[in-house]
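So you can see what is in the structure, the chains are spelled out below.
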Amino acid sequence: MPSQDLEKLTPAKVIDSHWAPCPGPLLEAKAGICHLNVGEVIEIQTIDPRARDDISAWAEKVGHEFLGFVQSGRYDRIFVKKRTP
């Protein structure tokens, strides 16, 4: 999804994991998405550059949709849409 479209999204949940060391952002994404309904979007905010690949791989593995990421100042905003219950 193009970054300008991602910036317009209103996620159902935002997880601030700016300072969480690896694998913190991934673990927080896993815990946070379970509280969403199918079709809702979670946003994970992090400064960990590896989180993009980790979260993308996890989403694909478990059946969620990795929408992409946007760099916002000093951190990344990573977006995942819940696809499975």
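Right above here is the structure, for reference.
Here the residue numbers are simple positions, counted from 1 along each chain's written sequence. Reporting of local features is limited, given that this is a predicted model, to residues whose pLDDT is at least 70; pairs of side-chain atoms are given and counted only at 80 or more, and all residues count toward the totals for whole chains, interfaces and linings. Based on all heavy atoms of the structure, the side-chain values leave hydrogens and waters out of the count.

Draft legend 1. Expanded view of unusual backbone geometry. Going from Cys22 to Pro23, the amide bond is cis rather than trans, its omega being 5°. On the secondary structure map, Pro23 appears in the loop between strand S1 (13-16) and helix H2 (24-33). Secondary structure counts use DSSP, requiring at least four H or I residues in a row for a helix and at least two E residues in a row for a strand, with both numbered from the N terminus.

Draft legend 2. Representation of the nonpolar core in the model. By convention a nonpolar core is built from buried Ala, Val, Leu, Ile, Met, Phe, Trp, Tyr and Cys residues, the set being connected through side-chain atoms within 4.5 Å. Partly exposed describes any residue whose relative accessible area lies between the buried limit of under 20% and the exposed limit of over 50%, with all areas from a 1.4 Å probe on protein chains only and scaled to the type maximum. Grouped together as the largest cluster of nonpolar side chains are 13 residues, with contacts concentrated most on Ile33, Ile42, Ile44, Ile55, Trp58 and Val80. If you list the elements that add at least two residues to this core, you get H2, strand S2 (41-46), helix H3 (51-62) and strand S4 (75-81).

Draft legend 3. Up close: the environment of Arg50. Tracing the sequence through the fold places Arg50 in the loop between S2 and H3. On the basis of relative accessibility, which here comes to 52%, the residue Arg50 falls in the exposed class.

Draft legend 4. Local environment of the sheet that holds S2. Two strands are said to pair when DSSP picks up at least two bridges between them. On the basis of which strands lie adjacent, the open sheet formed by 4 strands has the order S1-S2-S4-S3 and mixed pairing. Edge strands, defined here as strands with exactly one partner in the open sheet, are S1 and strand S3 (65-72). Averaged over neighbouring strand pairs, the angle between their axes works out to 20° when direction is ignored. In the sheet, S2 pairs with S4 via 6 bridges, with the strands oriented antiparallel. Within S4, the residue paired with Ile44 across the bridge is Ile78. Where H3 meets the sheet, its contacts fall on S2, S3 and S4, and the angle it forms with S4 comes to roughly 5°. Only the contacting stretch of a helix is used when fitting its axis, a line to C-alpha atoms as for every element, and angles between N-to-C directions run 0 to 180 degrees. In this analysis, two residues are considered to be in contact whenever any of their non-hydrogen atoms come within 4.5 Å of each other.

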